[in-house]
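Listed here are the chains, written in short residue letters.
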Amino acid sequence: MDFSDLLGDAEKRLESALHLTRREARLEARVLVGYALGVDRAWLVGHGGDTPTPQQASSVAALVARREAGEPVAYILGEREFYGRMFKVTPDVLIPRPETELLVEAALERLPLRSAVRVLDLGTGTGCIALTLALERAGLDVTAVDRSAPALAVAMENASLCGVSIHCVLGDWYSDLGGQRFDMIVSNPPYVSASDPHLARGDLPWEPQGALSAGADGMVEIGRIVAGAPAHLCTGGWLLLEHGSDQGDAVRQCLATAEFLETRTLADLAGLPRVTLGHLH
Ligand code: GLN
């Protein structure tokens with residue numbers, strides 16, 4: 001049994017346990033075996049014919065078993081890449097998704113160019129949206145809210161790992177912001193319908209359900225965010241929300257009712273309606 005057998009075995013086990021394609025299984029096997037051994041991909045290629053020690057073989061087996069049981073790769077590794085940077089991830093926070101990069105791009109395109117611009121991120125989780133905005137646009141004044149104290153602790157740790165300073169507030173959407181107003185509010189709120197079978201698939205059963213699901217139609221939290229936004233936006237302020245691919249019409253309607261202008265829904269890389277935005281007078 002050499003390192004390449006170890007990899008091949010991990011690949012087969014992951015492929016059948018998680019119904020992955022051969023390519024996905026190979027990629028995950030390399031990542032997990034590398035992580036278990038504390039080596040990079042080049043090392044694995046170069047040492048394919050060497051024999052692992054019993055400790056090495058058992059740490060690989062333990063990690064592969066966790067993944068076989070469905071534990072998300074991001075929780076096993078404790079990190080996930082978002083917008084080109086690594087963020088610490090724990091089971092207290094939603095795992096950053098590539099489609100959320102669309103929200104960040106749309107926000108960056110609409111931030112006013114003047115200085116001292118204030119941005120609010122509601123339901124920050126890892127902090128990946130708030131911190132990416134702060135890192136991409138120097139001088140932004142960013143506030144990140146989460147109702148989960150353990151999630152907010154992860155956002156704070158990510159802020160210190162990124163070397164940026166943001167205000168982290170524990171609260172239920174606007175509950176702890178007093179009369180503060182912002183130039184832009186962004187959010188990737190829970191929006192999956194509580195009865196959506198999607199919640200039982202892939203990584204989702206392992207993620208905080210409060211970060212994912214929101215009532216029968218998934219619109220409850222989006223509705224609360226939109227309703228509270230006008231009292232916390234400056235003149236001309238923007239609201240940008242991520243949502244489910246079937247919620248674009250409902251979110252635009254919700255924004256129009258709250259008197260937002262130029263409401264638009266943007267499609268993600270998969271071509272699915274994913275972000276809706278608008279601004280006030
Ligand atoms: N896009 C995620 C999913 O369906 C859900 C994220 C969210 O609810 N904010 O997997």
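Our structure's up above, just so we're on the same page.
A short tour of the structure in this document, coming up. (Residues numbered from 1 in each chain as written. Predicted model: local features only at pLDDT ≥ 70, side-chain atom pairs only at ≥ 80, totals over all residues. Heavy atoms only, no water.)

1. Points about the packing of aromatic side chains
What the rule picks out here adds up to 3 aromatic pairs. An angle of 40° between the planes, with centres 6.5 Å apart, marks the rings of Phe-82 and Tyr-83 as tilted. Relative to Phe-87, the ring of Phe-82 lies with its centre 6.3 Å away and its plane at 70°, an arrangement referred to as edge-to-face. The pair Phe-82 / Phe-87 is uniform in exposure class, with both members buried. Taken together, the ring pairs connect Phe-82, Tyr-83 and Phe-87 into an aromatic cluster. The ring centre of Trp-238 lies 5.5 Å from the NZ or CZ of Arg-110, which sits over that ring. (Phe/Tyr/Trp six-rings, centres within 6.5 Å; stacked < 30°, edge-to-face > 60°. Buried < 20%, exposed > 50% of the residue type's maximum accessible area, 1.4 Å probe, protein only. Lys NZ or Arg CZ within 6 Å of the ring centre and 35° of its normal.)

2. What to know about the site of the ligand
The full set close to the ligand counts 13 residues, and Arg-97, Asn-188, Pro-189, Tyr-191 and His-198 are the nearest of them. Take Tyr-191: an N or O atom from its side chain is 2.8 Å from a nitrogen atom of the ligand. In this structure, Leu-212 approaches the ligand through a main-chain N or O atom, which is 3.3 Å from an oxygen atom. Protein burial of the ligand: of its 300 Å² of free accessible surface, 94% is covered by the chains. Cavity membership is defined here by more than half of the atoms lying within 2 Å of grid points; on that basis the ligand lies in the largest pocket. (Near = heavy atom within 4 Å. Polar contact = N/O pair within 3.5 Å; in protein donor to acceptor, adjacent residues only side chain to side chain. Areas by Shrake-Rupley, 256 points an atom, 1.4 Å probe, with all protein chains shown as cover. 1 Å grid on protein atoms, 1.4 Å probe; cavity = no way out; pocket = protein on both sides within 12 Å on 5 of 7 lines; lining within 4 Å. Sits in = over half its atoms within 2 Å of the grid points.)

3. Quick word on the pattern of salt bridges
Tallying each qualifying case throughout the model produces 17 salt bridges. Here Arg-67 and Glu-28 are joined by a salt bridge, their closest N and O atoms 2.8 Å apart. Here the residue Arg-67 occupies a position in helix α4 (residues 54-68), and Glu-28 occupies one in helix α2 (residues 22-37), the gap between them amounting to 39 residues. A salt bridge links Asp-183 to Arg-114; its shortest N-O distance comes to 2.5 Å. You can see Asp-183 sitting in strand β6 (residues 182-187) and its partner Arg-114 sitting in the loop between α6 (100-110) and β3 (118-122), a full 69 residues away along the chain. Take Arg-114: its relative accessible area is 47%, and that puts it in the partly exposed class. (Salt bridge = Lys/Arg side-chain N within 4 Å of Asp/Glu carboxyl O. Helix = DSSP H or I, 4+ residues; strand = E, 2+ residues; numbered from the N terminus.)

4. Regarding the nonpolar core
Val-119, Leu-133, Ile-166, Met-184, Val-186 and Leu-240 are the most contacted members of the largest nonpolar core, which totals 32 residues. Elements with a minimum of two residues in this core: α6, α7 (128-136), β4 (141-146), α8 (149-162), β6, β7 (233-242) and β9 (273-279). Setting aside anything within four residues of it in sequence, one finds Val-186 in contact with Ala-107, Val-119, Leu-120, Asp-121, Leu-122, Ile-129, Leu-133 and Leu-240. Counting residues in hydrophobic clusters, the runner-up holds 27 residues, among them Phe-182, Ile-225, Val-226 and Leu-239. (Core = buried A, V, L, I, M, F, W, Y, C linked by side-chain atoms within 4.5 Å. Contact = heavy atoms within 4.5 Å.)

5. Description of the sheet that holds strand β5 (residues 167-170)
Read from one edge of the open sheet, 7 strands run β5-β4-β3-β6-β7-β9-β8, paired in mixed fashion. Bordering the open sheet on either side are β5 and β8 (261-267), each of which pairs with just one other strand. The mean angle between the axes of side-by-side strands here comes to 15°, regardless of whether they run parallel or antiparallel. Seen against the sheet, helix α9 (residues 220-228) touches β3, β6 and β7 and runs at an angle of roughly 170° to β7. (Pairing = 2+ DSSP bridges. Axes fitted to C-alpha atoms, helices over the stretch in contact; angles between N-to-C directions.)

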